Amino acid sequence: MSLSAPSPHLDTRDVRVLERLRLKPRKAFSGRVRGERLAREKGVSLEFKDYREYSDGDDLRHIDWNVLARLGTPIVKTYQDEEDLPVTLLVDASESMDFGEPNKFGTACQLAAAFGVVAARGGDSVQGVALADTPNRTRFLRGRRGTISLTSWLESLRPNGKRALAFHLKQAARHMSRPGLAILITDGMDPSLAQAFAHVTVAGHELWVVQVLSPFELDPGIEGDLRMIDAETNQVVEITANGPTLDAYRRNLANHNSAIEQAALKHGGRYALIESGKPLAEVFGKTFQKAGWVG
């Protein structure tokens with residue numbers, strides 16, 4: 001990863017902005033533990049509903065310690081009227097992400113950390129999943145400690161994926177056991193990516209796509225003879241960049257991005273194009289809030 005890549009750690013000003021926000025999915029989902037969202041089955045406020053076995057990601061505060069002492073089995077209480085939202089952060093860790101100034105992968109990790117803060121402050125459960133050749137994911141995390149764990153996990157990630165992003169997205173969808181909000185953070189550098197969205201949504205997830213591109217990718221602004229090397233396949237292409245070539249590049253990129261956006265909308269999701277290095281307070285406080293992603 002580029003030495004200039006930003007850390008997923010958030011500064012105090014960003015955290016102050018993020019802590020005021022809550023995720024606003026279009027769909028309603030059934031959670032596992034008491035959160036801050038109204039469930040579809042309404043009842044008496046904070047009304048106890050049932051017991052069930054403990055699983056990774058559950059809030060330890062809801063364990064029935066008397067049952068644990070008697071039976072030796074962790075059991076948690078569930079509530080009828082308020083539930084958490086399962087949020088899965090799908091972070092593209094393919095090698096094409098390790099590009100740009102500011103670095104795309106660093107920006108993607110910062111965005112994931114920021115979504116984690118918003119989810120945690122809203123009482124939701126959040127899981128990180130790296131879309132890379134080596135499987136890497138967290139359990140579902142909650143609260144301030146969960147935010148710290150998520151940030152540490154993001155710091156440990158390195159872009160190393162050479163296989164197609166669509167392949168990794170399909171694999172990840174197979175292991176996403178809790179239907180909820182799936183936030184894909186990627187540069188979208190896979191022509192077959194949009195076709196993989198259905199694998200996420202058919203399992204009941206609502207898909208949000210955040211496409212991160214560097215300022216250079218959005219507008220190269222250079223001319224001359226260039227030797228281009230694909231970061232994932234090492235394929236070499238030599239071109240002469242001039243006015244017509246750059247115009248064709250911009251048209252193709254716009255068409256490619258539009259195809260990703262239309263596919264996300266077709267599946268009931270959301271889409272945003274973010275330039276790497278944009279201040280988080282601006283991205284969340286203006287772009288996402290204005291579009292109704294958070295509020």
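As shown above, the structure is provided for reference.
Described in the following lines is the structure provided in the data block. The model shown is predicted, which means the values in this text are computed figures rather than measured ones.

Analysis parameters
Per chain, residue numbering runs from 1 following the sequence as it is written. Restriction of local features to residues with pLDDT of at least 70 applies here, the model being predicted, together with a cutoff of 80 or more for giving and counting side-chain atom pairs; totals for whole chains, interfaces and linings are based on all residues. As a rule here, side-chain values come from all non-hydrogen atoms in the structure, and water together with hydrogens is ignored. For helices, the axis comes from a line fit to the C-alpha atoms of the stretch in contact; other axes are also lines fit to C-alpha atoms, and the angle between any two N-to-C directions lies between 0 and 180 degrees. Each helix is a run of DSSP H or I of at least 4 residues and each strand a run of E of at least 2, with the numbering of both proceeding from the N terminus. Just so you know how the angles are binned, under 35 degrees is roughly parallel, over 145 roughly antiparallel, 65 to 115 roughly perpendicular, and the rest oblique. In what follows, residue pairs with any heavy atoms lying within 4.5 Å of each other are defined as contacts. When residue character is reported, Ala, Val, Leu, Ile, Met, Phe, Trp, Tyr, Cys and Pro are called nonpolar, Asp, Glu, Lys and Arg charged, and the others, Gly included, polar. Working rule for helices: expected span equals 1.5 Å times residues minus one. The buried label goes to any residue with under 20% of its type's maximum accessible area, the exposed label to any with over 50%, and the partly exposed label to all in between, with areas taken from a 1.4 Å probe on protein chains only. In protein, a polar contact requires one atom able to donate a hydrogen and another able to accept it; more generally it is a pair of N or O atoms within 3.5 Å, and residues adjacent in sequence count only if both atoms are side-chain atoms. A pair of strands is treated as paired once DSSP finds two or more bridges between them. Here the term right-handed applies to a crossover when the path leading from its first strand over the helix to its second strand runs clockwise, the strands being oriented away from the viewer. Stacked, edge-to-face and tilted labels apply to pairs of Phe, Tyr and Trp rings (six-membered ring for Trp) whose centres lie within 6.5 Å, assigned for plane angles under 30 degrees, over 60, and everything in between, in that order. Over a ring means this: the NZ of a Lys or the CZ of an Arg is within 6 Å of the ring centre and within 35 degrees of the ring normal. Only buried residues count toward a nonpolar core, which is a set of Ala, Val, Leu, Ile, Met, Phe, Trp, Tyr and Cys residues joined through side-chain atoms within 4.5 Å.

## Observations concerning the packing of helix 3 (residues 104–121) against helix 4 (residues 143–156)
Direction vectors running N to C along helix 3 and helix 4 enclose 170°, while the axes themselves pass 9 Å from each other. Taken as axis vectors, helix 3 and helix 4 run roughly antiparallel relative to one another. Taking contact as the criterion, the partners of Cys109, Ala112, Ala113, Gly116, Val117, Ala120 and Arg121 in helix 3 are, on helix 4, Gly143, Arg144, Thr147, Leu150, Thr151 and Leu154. Tallied by class, the residues present in the contact of helix 3 with helix 4 amount to seven nonpolar, four polar and two charged.

## Topic: helix 3
In a regular helix each residue adds 1.5 Å, so 18 residues correspond to 26 Å; helix 3 covers 26 Å between its end C-alpha atoms and thus fits that length. The buried fraction of helix 3 is high, at 18 of 18 residues. Structurally, the start of helix 3 carries an N-cap: the backbone nitrogen of Phe105 is 2.8 Å from a side-chain oxygen of Asn103. Gly123 sits one or two positions beyond helix 3 and adopts a positive phi of about 80°.

## A closer look at the environment of Arg13
The topology assignment puts Arg13 in helix 1 (residues 12–18). The spatial distance from the C-alpha of Arg13 to the C-alpha of Ala281 is 7.7 Å, given a sequence separation of 268 residues. When sequence neighbours within four positions are dropped, the list of residues in contact with Arg13 reads Pro279 and Ala281.

## Section: the pairing of strand 5 (residues 86–92)
Burial analysis of strand 5 places seven of its seven residues in the buried class, the great majority of the element. Residue alternation in strand 5 divides its side chains into two sets, Pro86, Thr88, Leu90 and Asp92 and Val87, Leu89 and Val91, and both sets are buried. The pairing of strand 5 with strand 6 (residues 125–131) spans seven bridges and is parallel. Within strand 6, the position partnered with Val87 by the bridge is Val126. Crossover handedness for the path strand 5 to helix 3 to strand 6: right-handed.

## Quick look at the packing of aromatic side chains
Per the counting criterion, the structure on display carries six aromatic pairs. Members of the aromatic cluster, joined through ring pairs, are Phe115, Trp208, Phe284, Phe288 and Trp293. Above the plane of the ring of Phe167 lies Arg163, whose end atom (NZ or CZ) is 3.8 Å from the centre. In this structure, Arg178 is placed above the aromatic ring of Phe140, and the distance from its NZ or CZ to the ring centre is 4.7 Å.

## With respect to the sheet that holds strand 12 (residues 270–275)
One open sheet holds the six strands; their spatial order is 7-6-5-8-9-12, and the pairing between them is mixed. Here the strands that pair on one side only, and so sit at the sheet edges, are strand 7 (136–137) and strand 12. Of the pairings in the sheet, the one linking strand 6 to strand 7 comprises two bridges and is antiparallel in character. Bridge pairing links Val129 to Arg137 in strand 7. Along the sheet, helix 5 (residues 165–174) contacts strand 5, strand 6, strand 7 and strand 8 (181–186); its crossing angle with strand 6, the most-contacted strand, is approximately 145°.

## Remarks on unusual backbone geometry
The amide bond that connects Glu101 to the next residue, Pro102, takes the cis arrangement and shows omega of 5°. Tracing the backbone through its elements, the reader meets Pro102 in the loop between strand 5 and helix 3.

## Things to note about the nonpolar core
The nonpolar side chains of soluble globular proteins are, as a tendency, buried together. By size, the foremost hydrophobic cluster in this structure holds 45 residues, and its most contacted members are Leu23, Phe115, Val210, Phe284 and Phe288. Not counting chain neighbours up to four residues away, the residues in contact with Phe288 comprise Phe115, Val210, Ala272, Ile274, Val283, Trp293 and Val294. Counting 22 residues, the second-largest nonpolar core is a separate cluster that includes Val129, Ile260, Ala264 and Tyr271.

## Points about the side chain of Asp64
Take Asp64: it is sitting in the loop between strand 2 (48–53) and helix 2 (65–71). Residues contacting Asp64, with those up to four places away along its chain left out, are Tyr51, Ile75 and Lys77.

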